[in-house]
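Spelled out, the chains give:
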Amino acid sequence: MAVGALALATALAVCGGLFARRAKLLVDLVRLGRPAERFDDVPRRARNEAVIVLGQRKLLQRVGPGLMHAFIFWGFLVLLPTILMAMIGAVDRDATLPWLGHQGWFALLVDVFAVLVLVGVLAAVVIRKLQRPARFQGSHLGEADLILALIAGIVTTLLLWHATRIALGLNEWPAGWSPVSDLLSGLFGDDSVTEVLERVFVWAHVLIILSFLAYLPYSKHLHIFTAPVNVFFARTGAGGRLEPLRFDVPEEEMRFGAGTVPDLTWKQTLDTFSCTECGRCQDVCPAWTTGKELSPKLLIMALRDQVFEEGPKLVRGADGEFEPAPLVPGAVTDNVVWDCVTCGACVRECPVSIEHVDHILDLRRHLVMMDSRFPSEAEPMLRDVERASNPWGKPQTERAEWAERLGVRVLEPGDPAPAVLYWVGCAASFDERARTAAESTARLLKAADVDFAILGPRESCTGDPARRMGNEYVFQAYAEQNVSTLNEAGVTTIVTSCPHCFNTIGNEYPDFGGKYEVLHHSELLARLVRDERLQPKAGNGAITYHDSCYLARHNDVAADPRELVAAVGEPIEMERSGKRTFCCGAGGAHMWMEERGGKINEERAREAAETGAETLAVACPFCTVMLDDGVRQRGDDMRVVDVSTLLAESLDDGDGRPA
Ligand code: SF4
Ligand code: SF4
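A. Summary view of the sheet that holds strand β8 (residues 639-642). Spatially, four strands are ordered β6-β5-β7-β8 in an open sheet, and the strand pairing comes out parallel. Strands at the two margins of the open sheet, each flanked by one partner only, are β6 (570-572) and β8. Going from strand to strand, the sheet's axes swing by 35° on average, the running direction of each strand aside. Most of the contacts of helix α28 (residues 621-634) go to strand β7 (residues 615-618), to which it runs at about 160°, and overall it touches β7 and β8.

In structure tokens form, the structure reads like this:
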């Protein structure tokens, strides 16, 4: 017994020492990060922990691989006490954990979950070795194989140890409660060979577990420890909101995005430690799936590599001599940074709540604000936003021209505030194809007797395209100006047809003192239909609805536009819809950038055409333009139209006005 205790103490000291050494470095690296506010909203964080970590909700979105992971994860939770039992049993063959070690029900749980873990491991091998899904491209597969082998070793030695104990009559629990171990016990006799094997299995079990624990923090399976923490500290607010940069703090606290490893926030560093390399983000990324350089998975892995390469020197202080390398192009190329359409599909899919968009936007912020480095074709847009208050570079006096012939009230300074302010947005104000939605919306609001007005020339760009390009200065200047205009006008409720304006005003302007009830036009119109203030007639044939990322995924508005589609025609869903929609290709200021590689809008148009629908309904001016282009380029016979226009047409009394 003394030899056993000494051996166990030595193994614990070696493995524990290796583990602690690595854990200290990881903690130091996270602590090196810049501040991030993630200690609020504890009940929501606790709920996320229960649902995403314990319930494995995100993983179970894909049933096969999800169950595979859940079996292994839940199995290990249930089997945790057996680690202690094995350590006790290794030192003293006749001892076990008090009470629990004698329980038949626990022995049953152990058998069931040990088998489930083995099923999970087998499924993982089939997925990785036979199915070989593309999402694993670029992942460290050899390391994963070793981890799977260790997991299989842990549960197999556990079952065999229990089986030999039953064969020797050493089981503290009733053997009938552990049917698998009991069955396996038939392989062994009650003799000295089994006595030796019992010792071999228990020690093998203990040593594999300790080696596994020592190896984990040095491997990508580090996520076993970091992922639950990362999920807890994930954002709890709207997905579309970006954290503002603070320009009102002392210079040494100011942050201009992320240029080098020390610029990352502690949450961003933790993100990089949490990646499981599962590739779910890569699989749904419109940039990657259309053949561009950006893979959100490879981006996070590359940032992690740079953190591990430079972090130890930064933690040590490295004699003050060490200059960290730029993250662009050190970790990723410029193309990777600019390929992103900020659709958020990666963030939504990621089972460990990594926030790729925040990483990419911080890289952009640094490139734009510190290095003036961005795709040259976006320069006119940034210039026009600054100079003309809109990305089209048109005079502000033309902003309300479309509204004049419809008799829409333009709010003048000092006028009483309307019940609803219609925020038209730059696209609908200046782009002919996008304008139809504004005209339809205005007609419908009039038909339903809604008291509304527009700001006309006093409305400016929300600053969204500049912000998504990384120019936080310009964004904040517009945010402050628009909030001041809206507050002075006494506006309380805003409706907008543009999901980008909807997201910016609703989720980002509160950071600048602008707190309003913000509705997307599809929400208000659906409400008016429900209240029978608008009574559409069906008859528009088969319609497939495309969810805008900034509406459905970032802001959870998917039911209302569908209600409108169902009211005027026969809805047909595309394969990717709702929160799992596929981008039109315009997000992240891509409306003004050259697209390299395959075309995202054509890919989405293809998916829409495959439904066989005659109409592709949209609820975003950018989606209108992008998908209309996509349909034309592909030569599909499909009309792209905003839901408001479909609704207005169904009410049309023949002279262009809703009845
Ligand atoms: S936000 Fe969209 S485009 Fe950007 S990395 Fe994520 S999935 Fe890809
Ligand atoms: S970032 Fe998330 S979804 Fe992407 S590979 Fe890593 S863990 Fe998987």
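B. Geometry of the sheet that holds strand β1 (residues 420-423). On the basis of which strands lie adjacent, the open sheet formed by four strands has the order β2-β1-β3-β4 and parallel pairing. Taken across any chain shown, the strands that pair with only one partner, and hence form the sheet edges, are β2 (452-453) and β4 (517-520). Two elements, β1 and β2, share two bridges in a ladder whose sense is parallel. Within the sheet, the bridge partner assigned to Val 420 lies in β2 and is Phe 452. Seen against the sheet, helix α23 (residues 499-508) touches β1, β3 (493-496) and β4 and runs at an angle of roughly 165° to β4.

C. Expanded view of the site of ligand 1. The immediate surroundings of ligand 1 are formed by 13 residues, with Cys 285, Cys 340, Cys 343, Gly 344 and Cys 346 found nearest. Contributions of two or more residues to the shell around ligand 1 are made by α15 (345-349) and α16 (356-371). Tallied by class, the residues present in the shell around ligand 1 amount to eleven nonpolar, two polar and no charged.

D. Looking closely at the packing of aromatic side chains. Under the counting rule described, the total for this entry stands at 18 aromatic pairs. Between the aromatic rings of Phe 475 and Phe 512, the centroid separation amounts to 5.6 Å while the plane-to-plane angle is 80°, which identifies the pairing as edge-to-face. Of this pair, Phe 475 sits in helix α22 (residues 472-488) while Phe 512 sits in the loop between α23 and β4, and the two are 37 residues apart along the sequence. Ring-pair connections join several aromatic residues into one group, and the members of that group are Phe 39, Phe 232, Phe 233 and Trp 266. One Lys or Arg, Arg 22, reaches over the ring of Phe 308 and ends 4.8 Å from the middle of that ring. The positively charged end of Arg 128 is found above the aromatic ring belonging to Phe 136, 4.5 Å away from the centroid.

E. How the structure looks around unusual backbone geometry. Pro 329 follows Val 328 through a cis peptide bond whose omega is 10°. If you trace the backbone, Pro 329 turns up in helix α13 (residues 327-330). For Arg 132, which is not glycine, the phi dihedral falls at a positive 45°. With respect to the helices, strands and loops of the structure, Arg 132 is situated in the loop between α4 (104-131) and α5 (141-168). Residue classification places Arg 132 among the exposed positions, given a relative accessible area of 59%. Phi is positive for Ser 389, close to 65°, though the residue is something other than glycine. Locating Ser 389 in the fold gives a position in the loop between α17 (379-388) and α18 (401-404).

Cut-offs and rules
- Within each chain, residue numbers correspond to sequence positions counted from 1 in written order.
- Each chain takes a letter, starting from A, and each ligand takes a number, starting from 1, following the order in which they are written.
- At least 70 in pLDDT is required for a residue's local features to be given in this predicted model, at least 80 for side-chain atom pairs to be given and counted, and no such filter applies to totals for whole chains, interfaces and linings, which use all residues.
- For side-chain calculations, the full set of non-hydrogen atoms in the structure is used, while hydrogens and water are omitted.
- One requirement defines pairing of two strands: DSSP has to find at least two bridges between them.
- Runs of H or I in DSSP of at least four residues are treated as helices and runs of E of at least two as strands, each being numbered from the N terminus.
- Axes here mean lines fitted to C-alpha atoms, for a helix over just the part in contact, with angles spanning 0 to 180 degrees between N-to-C directions.
- Contacts are assigned to residue pairs with any non-hydrogen atoms lying within 4.5 Å of each other.
- If even one non-hydrogen atom of a residue comes within 4 Å of a molecule or strand, that residue is called near it.
- Lys, Arg, Asp and Glu make up the charged group, whereas Ala, Val, Leu, Ile, Met, Phe, Trp, Tyr, Cys and Pro make up the nonpolar group; the residues left over, Gly among them, are polar.
- We call Phe, Tyr and Trp rings a pair once their centres come within 6.5 Å, taking the six-membered ring for Trp, and we label the pair stacked below 30 degrees between planes, edge-to-face above 60, and tilted otherwise.
- Ring-over charges, as used throughout, are those where CZ of Arg or NZ of Lys falls within 6 Å of the ring centre and within 35 degrees of the ring normal.
- Here's how the labels work: a residue is buried when its accessible area is under 20% of the maximum for its type, exposed when over 50%, partly exposed in between, all with a 1.4 Å probe on protein chains only.

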